Amino acid sequence: MEMPATKVAPGTRFDIMTDVHGCLDEFGELLERLGYDRPERPDRDPWRPPPGRHLVIAGDLVDRGPAIVGLLRVAMAMVEDGAMSVTVGNHDDKLLRALRGRPVRLTQGLETSLAQLGDERGRFRRRVIDFLASLPSHLVLDDGRLVVAHAGLPEKMHGKTGGRVREVAMYGLTKPGLDAWGLPLRIDWAASYTGTARVVYGHTPVVEPVWSNNTIDIDTGCPFGHRLTALRYPELELVSVPARGVYQEKGGPFRVGGPGGAPADWAPAMQAG
Ligand SMILES: [Mn+2]
């Protein structure tokens with residue numbers, strides 16, 4: 001089982017994103033806004049961070065968006081360069097299972113990933129499998145003052161390993177049953193969070209990122225046509241760029257303020273219309 005440690009130098013500053021979902025153009029635009037050096041081929045080569053900074057993605061690189069292969073190429077190159085770390089998201093894990101030939105349902109954008117990967121050689125697909133299999137459940141950074149996990153993580157699981165930690169990090173805490181849109185009923189762990197580590201996460205699309213008890217959901221639903229957002233740490237500054245399209249229609253509403261937030265009376269399609 002993987003250890004949620006990192007190899008970054010002490011004093012490193014972070015730029016954190018989540019749920020990029022194959023939105024390569026928006027990813028590049030956001031990196032440019034964050035001061036990263038654009039490579040000549042931004043659909044395959046690594047971006048270079050400003051000195052002393054490191055990019056962290058809280059999972060869900062794949063599914064839904066238009067440029068999954070390009071994003072995977074760039075992400076793998078940046079991880080190899082030591083410029084970036086990625087924690088596993090539920091979509092990354094499901095794609096890994098599909099590529100390994102396990103039975104999975106072709107829904108929620110997985111069909112998009114498999115179609116786009118279908119043109120790639122076996123060698124590339126094997127690289128993707130190794131990469132996805134290497135992703136840690138979560139990261140503990142800045143001497144324990146910062147925790148990054150796809151769906152967030154209760155304090156008692158920070159720095160821990162194991163199947164249950166991985167499941168909670170990917171899916172969050174849920175309870176039996178489905179909501180009106182057929183999605184799992186989520187428990188709002190952030191509402192009762194009392195930890196001192198800041199927890200940065202995604203997974204539940206929100207209209208605006210809002211701090212709640214030292215936790216922040218920065219998934220602003222890029223593949224659904226809203227925005228891609230980064231949190232600069234320790235500055236705690238939010239930077240975002242608008243989505244360039246609606247790549248997948250969202251089943252159910254965006255939330256206001258994290259997994260326990262009320263459904264927002266708003267959707268990108270309504271805004272566009
Ligand atoms: Mn997710």
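Because the structure is predicted, anything quoted here is derived from the model rather than measured.

Caption draft 1: Structural detail: the coordination of the manganese ion. The protein atoms that coordinate the manganese ion are D60 (OD), N90 (OD1), H150 (NE2) and H203 (ND1), at distances spanning 2.1 to 2.3 Å. Each donor residue of the manganese ion belongs to the same chain, and together they define the spacing D-x29-N-x59-H-x52-H. Highlighted residues: N90 in helix α3 (residues 90-99) and H203 in the loop between β8 (198-201) and β9 (211-212), separated in sequence by 113 residues. Its relative accessible area of 12% is what places H203 among the buried residues.

Caption draft 2: Inspection of the nonpolar core at higher detail. Grouped together as the largest cluster of nonpolar side chains are 46 residues, with contacts concentrated most on M17, F27 and L72. Among the elements that make up this core, the one with the highest residue count is helix α2 (residues 68-81) (eight residues). Those residues in contact with F27, other than ones at most four positions away along the chain, are M17, V20, L55, I57, L71, V74, M78 and L228.

Caption draft 3: Structural context of α3. In terms of burial, α3 is largely enclosed, as nine of its ten residues are buried. Tucked inside the fold, the buried residues of α3 contact α4 (110-117), α5 (122-133) and α6 (163-171). Note on α3: the residue one or two positions beyond its end, G101, has a positive phi of about 85°.

Caption draft 4: Up close: the pairing of strand β11 (residues 227-233). Within β11, six of the seven residues are buried, which leaves it mostly tucked inside the rest of the structure. Alignment of strand β1 (residues 13-17) against β11, held across three bridges, turns out to be antiparallel. In the strand pairing of β11, D15 is matched with R232. Bridge analysis of β11 against strand β12 (residues 237-242) gives six bridges, and the strand direction is antiparallel. Counted as the bridge partner of T229 is S240 from β12. Turn length for the β11-β12 hairpin, with the two strands adjacent in sequence and antiparallel, is three residues, and the turn residue L236 shows positive phi of about 60°.

The rules behind the values
- Residues numbered from 1 in each chain as written.
- Predicted model: local features only at pLDDT ≥ 70, side-chain atom pairs only at ≥ 80, totals over all residues.
- Heavy atoms only, no water.
- Donors = N, O, S within 2.8 Å, 3.2 Å for Na, K, Ca; no water.
- Helix = DSSP H or I, 4+ residues; strand = E, 2+ residues; numbered from the N terminus.
- Buried < 20%, exposed > 50% of the residue type's maximum accessible area, 1.4 Å probe, protein only.
- Core = buried A, V, L, I, M, F, W, Y, C linked by side-chain atoms within 4.5 Å.
- Contact = heavy atoms within 4.5 Å.
- Pairing = 2+ DSSP bridges.

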